[in-house]
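A look at the structure
Spelled out, the chains give:
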Amino acid sequence: MGEVVVARPPEYRWLLPAALRDEPDVPPGPRTTRDWVIDAFCFLAALGWALLSTADLLQPEPEVVPQWAGTPEWLVWTDLLIGVGFSVALWWRRRWPVQLAAAALVFGLVSVAIAIAALIILFSVAVHRRFAVTAAVSVAATLNNAAFCAIRPEQGTPWLESFSWGVVIMVIIQLWGMIVRSRRQLVVSLRDRAERAESEQQLRVAQARALERTRIAREMHDVLAHRISLLSLHAGALEIRPESSPAEVAGAAGVIRASAHQALQDLREVIGVLREPAGEEPPERPQPTLLQLPALADESRAAGVKVSLDVSVDPAADLPAGTGRTAYRIIQEGLTNARKHAPGTAVRVAVGGKAGRGLSIDVRNPMPVGRVTPGIPGTGTGLIGLAERATLAGGRLTHGRGPDGDFVLRAWLPWPA
């Protein structure tokens, strides 16, 4: 029935972002080793740009940002404070990306040192928020870029060119973030599908085991109930007729011994199947068909049951093996129930049908007037199991008292043309 394979966790879990970590005992907040490294790099990059741009603007002739030469010293120092503040704020960019983006858009109207930090925040918005939020932030950033180019224009560069380059850089950054977000969502969906497939496989294995054990239990009931009912019938006859001749006693004892031996053999086979290791299919013994009905009737006659068997089916007809086996079990259970609940009555069994019309089964016996032997206890699940077996085979089964007062067990099984 297959072996359940347990999926191994990723080998390098410390390289996964916190959003993809699937540890059940770890809250979603803490950063992974990868997150710490990336956050430290972003902080150093943003802080380095803020210090570098500030130091360059304090020079008489700036080299890094010469387009903003002549900036007042008070604005340069204010710009540095803004850049350092947002560099530190990058440590919380995953938790509050939209709030940081809004603040960066406000201070970014006049700040040059905030440039790298602002781009990183825009990237975080695209990674951690849905498209609608990212689009709204993109529109606001575009307007902010237009205003910045007007408030702090670049010397020697037209406004449209500065604005265009700013928009291109923002679009590239946000498209990159959206790609990262979509890739993470793909990984999460694939992981969920894998976990769901593994759970469904385990469920299928459990269902297959349950169905197999149910089938074995039904087979055990059908076989052992027939054998044990013969044992009980003969033992009851010996109990109520202690004056029987030695030949009759010997004959009944022989039937009891043979039935007990066969019941033990059947029980041994079933237990062997249950003990079989998983994944190994034991060879099944030949299953009974309609050809074994005469032998089944002879067993019941040997136990003293009057059985009339009428089989109007061509022995050479190509009856499906499953249909024949189901019909045999239905008749076997009908004879067993007759011995249990109506001992001493005559049982009439009629089987007929042909390909294309189906196979009909009729087992009937008169309702008992008085008991000759003590009743044999039963579980009450035999007829329920038969109905389920017939339904699974595509047929139907009914039972109960008929118009003439007999107990009738009728079944119809499909027989394809």
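Residues numbered from 1 in each chain as written. Predicted model: local features only at pLDDT ≥ 70, side-chain atom pairs only at ≥ 80, totals over all residues. Heavy atoms only, no water.

**Examining the overall build of the protein**
- Within the protein, the secondary structure is distributed over ten helices and five strands.
- Per-residue burial for the protein yields a buried fraction of 36% across its 417 residues.
- Considering only contacts in the protein between residues 6 or more positions apart, those separated by 24 or more positions represent 69%.
- When the accessible area of the protein is evaluated, it comes to approximately 23,900 Å², of which 64% is carbon and sulfur surface. (Helix = DSSP H or I, 4+ residues; strand = E, 2+ residues; numbered from the N terminus. Buried < 20%, exposed > 50% of the residue type's maximum accessible area, 1.4 Å probe, protein only. Contact = heavy atoms within 4.5 Å. Areas by Shrake-Rupley, 256 points an atom, 1.4 Å probe, with all protein chains shown as cover.)

**A look at the pattern of salt bridges**
- Scanning the model with the defined rule gives ten salt bridges in all.
- Residue D39 is joined to R94 by a salt bridge in which the shortest nitrogen-to-oxygen separation is 2.5 Å. Of the two residues, D39 is situated in helix 1 (residues 33-57) and R94 in the loop between helix 2 (73-89) and helix 3 (97-107); the sequence distance between them amounts to 55 residues.
- With a relative accessible area of 2%, D39 lands in the buried category.
- Between D404 and R364 there is a salt bridge, and its shortest N-O distance comes to 3.3 Å. One end of the pair, D404, is in the loop between strand 4 (396-401) and strand 5 (406-413); the other, R364, is in strand 3 (residues 358-366), with 40 residues separating them in the sequence.
- When salt bridges with common partners are traced through the structure, they connect R34, D35, D39, R93 and R94 into a single cluster. (Salt bridge = Lys/Arg side-chain N within 4 Å of Asp/Glu carboxyl O.)

**Concerning the nonpolar core**
- Judged by nonpolar contacts, the single largest core of 31 residues is most densely connected at I330, I331, V351, L359 and I361.
- For this core, the elements supplying multiple residues, two or more each, are helix 6 (159-240), helix 8 (293-302), helix 9 (321-341), strand 2 (346-354), strand 3, helix 10 (382-392) and strand 5.
- Element by element, the count of residues in this core is highest for helix 9, at six residues.
- Setting aside residues no more than four positions away along its own chain, I361 makes contact with A327, I330, I331, A350, L409, R410, A411 and L413.
- Counting residues in each nonpolar core, the second largest holds 20 residues, with A89, I114, A117 and A118 among its members. (Core = buried A, V, L, I, M, F, W, Y, C linked by side-chain atoms within 4.5 Å.)

**Focus on the packing of helix 3 against helix 4 (residues 115-128)**
- Between helix 3 and helix 4, the least distance of the axes is 9 Å, while the angle of their chain directions is 145°. Helix-helix and strand crossings are classified by hand; for helix 3 and helix 4 the assignment is left-handed. Note on element contacts: helix 4 touches helix 3 through A118, I121, S124 and V125, opposite P97, V98, L100, A101 and A104.
- Split by residue class, the contact of helix 3 with helix 4 holds eight nonpolar, one polar and no charged. (Axes fitted to C-alpha atoms, helices over the stretch in contact; angles between N-to-C directions. Left-handed = near helix turned anticlockwise from the far one by under 90°. Nonpolar A, V, L, I, M, F, W, Y, C, P; charged D, E, K, R; others polar.)

**Remarks on the side chain of S111**
- Along the chain, the position of S111 falls in the loop between helix 3 and helix 4.
- Polar side-chain contacts of S111 include one of 2.3 Å to the side chain of D79.
- Excluding anything up to four places from it in sequence, S111 contacts D79, I82, F148 and R152. (Polar contact = N/O pair within 3.5 Å; in protein donor to acceptor, adjacent residues only side chain to side chain.)

**Regarding the sheet that holds strand 1 (residues 306-312)**
- With respect to topology, five strands assemble into an open sheet ordered 1-2-3-5-4, the strand pairing being mixed. The open sheet terminates on both sides in strands that have one partner only, identified here as strand 1 and strand 4. Across the sheet, the mean angle separating the axes of adjacent strands is 10° when strand polarity is ignored.
- Two elements, strand 3 and strand 5, share eight bridges in a ladder whose sense is antiparallel. The partner of V363 across the bridge, within strand 5, is L409. (Pairing = 2+ DSSP bridges.)

**Concerning helix 5 (residues 131-151)**
- Over its 21 residues, helix 5 runs 30 Å from end to end, which matches the ideal 30 Å to within 8%, given 1.5 Å per residue.
- All buried positions along helix 5 are accounted for by T134, V137, S138, A141, N144, N145, F148 and C149. All buried residues of helix 5 lie within an arc of 130° about the axis, which places them on one face of the element. Those residues of helix 5 that are exposed and angled more than 90 degrees off the buried face are V139, L143 and A150. (Expected span 1.5 Å × (residues − 1). Arc of directions from axis to C-beta.)

**Notes on the environment of R204**
- Inspection of the secondary structure puts R204 in helix 6.
- By relative accessible area, R204 is classed as partly exposed at 44%.
- Within the local environment of R204, its side chain forms a polar contact with the side chain of Q201, the two groups lying 3.0 Å apart.

**A look at the pairing of strand 3**
- Of all nine residues in strand 3, seven are buried; the element is thus mostly enclosed.
- Bridge count for strand 2 against strand 3 is seven bridges, and the pairing is antiparallel. Looking at the pairing, V351 lines up with I361 of strand 3.

**Comments concerning the packing of helix 4 against helix 5**
- Relative to each other, helix 4 and helix 5 sit at 155°, their axes nearing to 8 Å. In terms of their interaxial angle, helix 4 and helix 5 are classed as roughly antiparallel. Only V133, T134, V137 and A141 of helix 5 make contact with helix 4, whose side of the interface consists of L122, V125 and A126.
- Class assignment for the residues of the contact of helix 4 with helix 5 results in six nonpolar, one polar and no charged. (Parallel < 35°, antiparallel > 145°, perpendicular 65-115°, else oblique.)

**Overview of the packing of aromatic side chains**
- Within the structure shown, the criterion is met by five aromatic pairs.
- Taken together, a centroid distance of 5.9 Å and an interplanar angle of 40° make the contact between F43 and W91 tilted. Here the residue F43 occupies a position in helix 1, and W91 occupies one in the loop between helix 2 and helix 3, the gap between them amounting to 48 residues.
- A residue is classified by how much of its surface remains accessible, and F43, at 18% relative accessible area, is buried.
- Taken together, a centroid distance of 4.9 Å and an interplanar angle of 55° make the contact between F123 and W176 tilted. Of the two residues, F123 is situated in helix 4 and W176 in helix 6; the sequence distance between them amounts to 53 residues.
- Look at F123 and you get buried, because its relative accessible area is 18%. (Phe/Tyr/Trp six-rings, centres within 6.5 Å; stacked < 30°, edge-to-face > 60°.)

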